[in-house]
Amino acid sequence: MTRNNHISIRQLLIGACTAGALLFTSACAQNSTFGSGTSGESSSSSVAIAVMYPETGQYAEYGKMFKQGLDLGVKQVNADGGVQGKKLELKYFDTQSDPKQTAAIAPKIAADKSVVAVVGDYSSGASMAASPTFQQAKLVHYGFNNSASDFTSTGDYVWTPQFSQAVFQKQNAELVAQKAKKIAAVYIENDWGKSAYAEFKKEAKKLGISIVYESSYLADSTDLSPILIPARDAKPDAVVHIGYGPDGALVVNTLRDKLGYTGLFYGGQITQEYIKLSGSNGEGTRLIGPFTPDSTNPNAAKFVKAFRAAYKTDPGEFNQTSYASIIDLAYGMNKTSATREGVEKALKTVDDFPCYVGTKTTFKFNQSTRRMDSTSFLKLELTDGKFQITD
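Residues numbered from 1 in each chain as written. Predicted model: local features only at pLDDT ≥ 70, side-chain atom pairs only at ≥ 80, totals over all residues. Heavy atoms only, no water.

A. Main features of the nonpolar core. In terms of nonpolar packing, the biggest core is built from 102 residues, with Y142, I183, F200 and L228 touching the most fellow members. With near-sequence residues (within four places) excluded, L228 lies in contact with V186, V251, T254, L255 and L259. Core analysis: the next-biggest nonpolar cluster, separate from the first, contains 13 residues, A50, A110, V115 and A130 among them. (Core = buried A, V, L, I, M, F, W, Y, C linked by side-chain atoms within 4.5 Å. Buried < 20%, exposed > 50% of the residue type's maximum accessible area, 1.4 Å probe, protein only. Contact = heavy atoms within 4.5 Å.)

And the structure:
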């Protein structure tokens, strides 16, 4: 049987070349992680990227992870010679990942001529509220965390290295199908959650997975028992959760502590927040993801080493994606120019951006979708407080 409920859930947590060098030496340029270039078109000694992110509000924990990755990326770029010999800087704008705030902030960013590109926001909805303004200003909007299927629909200045949910949920369903043929599914009630679940459901049916129960939930409830009791009673092989880290922890804690469910759990999120909040109940959580600190990808391994040195802890997926966004844009501009036009040209022409996800070491953009051309995901399981690669 199936059932649709709208129960709210409250987020549980509020969450060596010199930088000023104008010319590269031949050896430094050849060894640069960020490509090589000769000159920019601006007389300024620096070039700026604007950042829309949730410094405060219910998604502040993600904003913190983003800022760690972004700051490390800028540090790495500038240590390697900057962008066309210019120092790279970031201009941060706290949006709380709220569409109303991103829409209001976007004109200010677009009017700032020192800004050659904008990255962010956390949620696709917040990002998409700002995209039309950037499109009109011919300013590349690089939504490094935005996987909504229609994110790039605004226009040809809107890009993302993120996989679409169609791609992600296909592989997610394949992971579930390895061990489960009958599932109960719960998903967060927002635009992203609904579209992600729709993609998962479509792929699950293709694979012969029977969904014996399904329910959505809103984002401010503290008790999910009403929707999880029937999920348990449907006697599924597995419970599948599609949402974020805090709500994923509430789902698995409710299932284990209150309802006595001992079966397979797919969901949660690759964050320390999820690991901490779910505790022992999270052990055995299975999911797919583009990155883990144990990745054998050489670019990822280099990033992990730098992140550990800077922050004395392991990075997560959101640290990696934000870091890579800066590397991508700097690498591209060092092959074109440190201008808005140079950023757009790079995304259209560069075919060897450094890749940090899966097993590939370089990637290019699909010019039709304006997304990473292809993505492979890692199969992960939470074991001993750490997401580890599994079969």
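B. Seen up close, empty space enclosed by the protein. For the largest cavity, the calculated volume is near 150 Å³. Lining the largest cavity are 16 residues, and of these P161, Q320, T321, V357 and M372 sit closest to its centre. Broken down by element, the lining of the largest cavity gets its largest block of residues, four residues, from helix α11 (residues 317-333). (1 Å grid on protein atoms, 1.4 Å probe; cavity = no way out; pocket = protein on both sides within 12 Å on 5 of 7 lines; lining within 4 Å. Points joined across faces, edges and corners; volume = space filled by probe spheres on them. Helix = DSSP H or I, 4+ residues; strand = E, 2+ residues; numbered from the N terminus.)

C. Main features of the side chain of Q162. Checked against the element boundaries, Q162 lands in the loop between β6 (158-159) and α5 (165-177). Look at Q162 and you get buried, because its relative accessible area is 5%. Those residues in contact with Q162, other than ones at most four positions away along the chain, are G143, F144, N145, N146, S147, T321 and R371.

D. A look at the packing of helix α2 (residues 60-79) against α11. Across the interface, α2 lies against α11 with an axial gap of 7 Å and an inter-helix angle of 35°. Crossing hand, α2 versus α11: right-handed. Judged by residue contacts, Y62, M65, F66, Q68, G69, L70, L72, G73, V74, Q76 and V77 of α2 engage F318, N319, T321, S322, Y323, S325, I326, I327 and A330 from α11. Split into classes, the residues belonging to the contact of α2 with α11 amount to twelve nonpolar, eight polar and no charged. (Axes fitted to C-alpha atoms, helices over the stretch in contact; angles between N-to-C directions. Left-handed = near helix turned anticlockwise from the far one by under 90°. Nonpolar A, V, L, I, M, F, W, Y, C, P; charged D, E, K, R; others polar.)

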